[in-house]
Structures are given as C-alpha cells and as structure tokens.
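The chain contents come next:
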Amino acid sequence: MTVTYVIEGSRITGLDSFWTVVGEAVNGPGGYFGRNLDAFADCLGGGMGAPDDGDFVFEWRDHALSARALGHAETARHLDRLAARAHESNRSRLREECAQAAAGHGPTLFDRLVEIIRDRAGPDALRLL
C-alpha cells in the first residue's frame, strides 16, 4: 500500500522550515528527514521513516507558496552560508552560484528539492498541488 506524506507548503518560509515540515510529514512531531540536501537524498532511500520498498508519495500542497519561499533569495542565503564554511577549492564556485541566485538566475532550492525527490524516489513520487 502506497504511503502518502503531506508537505504543507503554506508552512514553509525557508529551508529551515522545509526540514521541519518534511521531517514531521514523514516521522511525526519533531521528526527528522534530513537537514541538508545530501541527507534528504539519503533519507529518501528508506530506513529513515520512508518505506524501504519505496512505495510512498509526497503530496506537496500549496507548492507555489513553497516555491516562492525557497526561491532565488533563499537559495542565495543558503549558498552564502555554504561558501562561508566550504573548502577553499569550492568557495569561488559557490560564491558565483550565490551571485547568480541573488540576481534571480539559475535553479532554486525548490527546484533542487523537487529534482532530488524525483531522482531518488521516482518521477511519480511527487504530486505538486
């Protein structure tokens, strides 16, 4: 039986709130389901609340609100934080991506999260409502 997890997009105001909302959707109040993009991708593989057989779907309600909250401005903030603690070999690339996001160009965090869900859980594992 397919398990449906509801992401309440109206509760997402930025990346930190996304981690809270998705963690609670999958694992209940205070639940964890990643706190960075790599951990989120790993959690989608099972064993962290999602069924190991991959028979689940995310129903992302009010996704347009989330897309705005996880848009270019939040993406630039995220990349700036990453650049501040990145190894020097990655810093210039992250700063360039940050500048692009700040100018309203390139993929957003919302785009990346959607991509991760579809890549890791399958193209039918996400319903944008």
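My aim in this report is to walk through the structure given alongside it, one point at a time. Owing to the predicted nature of the structure, the values given are computational and were not obtained by experimental measurement.

### A look at the sheet that holds strand β3 (residues 126-128)
Strand pairing within a sheet occurs via backbone hydrogen bonds; the two strands may be parallel or antiparallel. Sheet architecture is open: three strands sit in the order β1-β2-β3, paired in parallel fashion. On the outer flanks of this sheet lie β1 (3-8) and β3, each paired with one strand and no other. On average, adjacent strands in this sheet sit at an angle of 20 degrees to one another, irrespective of strand direction. Two elements, strand β2 (residues 56-61) and β3, share three bridges in a ladder whose sense is parallel. The partner of Phe58 across the bridge, within β3, is Leu126. The strands that helix α1 (residues 15-27) touches are β1 and β2; relative to β1, the one it contacts most, it runs at about 150 degrees. Helix-sheet contacts for helix α6 (residues 109-121) involve β2 and β3, and the interaxial angle to β2 is about 160 degrees.

### Quick word on the side chain of Glu59
Position of Glu59 among the secondary structure elements: in strand β2. Polar contacts involving the side chain of Glu59 include one to the side chain of Arg61, which spans 2.8 Å. Glu59 has contacts with Thr4, Tyr5, Val6, Ile7, Arg127 and Leu129, leaving out every residue within four places of it along the chain.

### Quick look at the pattern of salt bridges
Summed over the entire model, instances satisfying the criterion amount to eight salt bridges. Across the pair Arg61 and Glu8 runs a salt bridge whose closest N-O atoms are separated by 3.4 Å. Here Glu8 lies in strand β1 and Arg61 lies in strand β2, a separation of 53 residues in the sequence. By relative accessible area, which is 32% here, Arg61 ends up partly exposed. Residue Asp80 is joined to Arg95 by a salt bridge in which the shortest nitrogen-to-oxygen separation is 3.7 Å. Of this pair, Asp80 sits in helix α4 (residues 72-85) while Arg95 sits in helix α5 (residues 88-102), and the two are 15 residues apart along the sequence. Take Asp80: its relative accessible area is 41%, and that puts it in the partly exposed class. The exposure class of Arg95 is partly exposed, given its relative accessible area of 42%.

### Structural notes on the packing of aromatic side chains
Scanning all chains against the criterion turns up 10 aromatic pairs. Where Phe18 meets Trp19, the ring centres are 5.2 Å apart and the plane angle is 65 degrees; that geometry is what we call edge-to-face. Residue classification places Trp19 among the buried residues on the basis of a relative accessible area of 2%. Measuring from centroid to centroid gives 6.0 Å for Phe33 and Phe40, while their planes differ by 80 degrees, and the two rings are edge-to-face. Take Phe33 and Phe40: they sit in the same class, and that class is buried. Feature note: the residues Tyr5, Phe18, Trp19, Phe33, Phe40, Phe56, Phe58, Trp60 and Phe110 constitute an aromatic cluster, connected by ring pairs.

What counts and how
Residues numbered from 1 in each chain as written. Predicted model: local features only at pLDDT ≥ 70, side-chain atom pairs only at ≥ 80, totals over all residues. Heavy atoms only, no water. Pairing = 2+ DSSP bridges. Helix = DSSP H or I, 4+ residues; strand = E, 2+ residues; numbered from the N terminus. Axes fitted to C-alpha atoms, helices over the stretch in contact; angles between N-to-C directions. Contact = heavy atoms within 4.5 Å. Polar contact = N/O pair within 3.5 Å; in protein donor to acceptor, adjacent residues only side chain to side chain. Salt bridge = Lys/Arg side-chain N within 4 Å of Asp/Glu carboxyl O. Buried < 20%, exposed > 50% of the residue type's maximum accessible area, 1.4 Å probe, protein only. Phe/Tyr/Trp six-rings, centres within 6.5 Å; stacked < 30°, edge-to-face > 60°.

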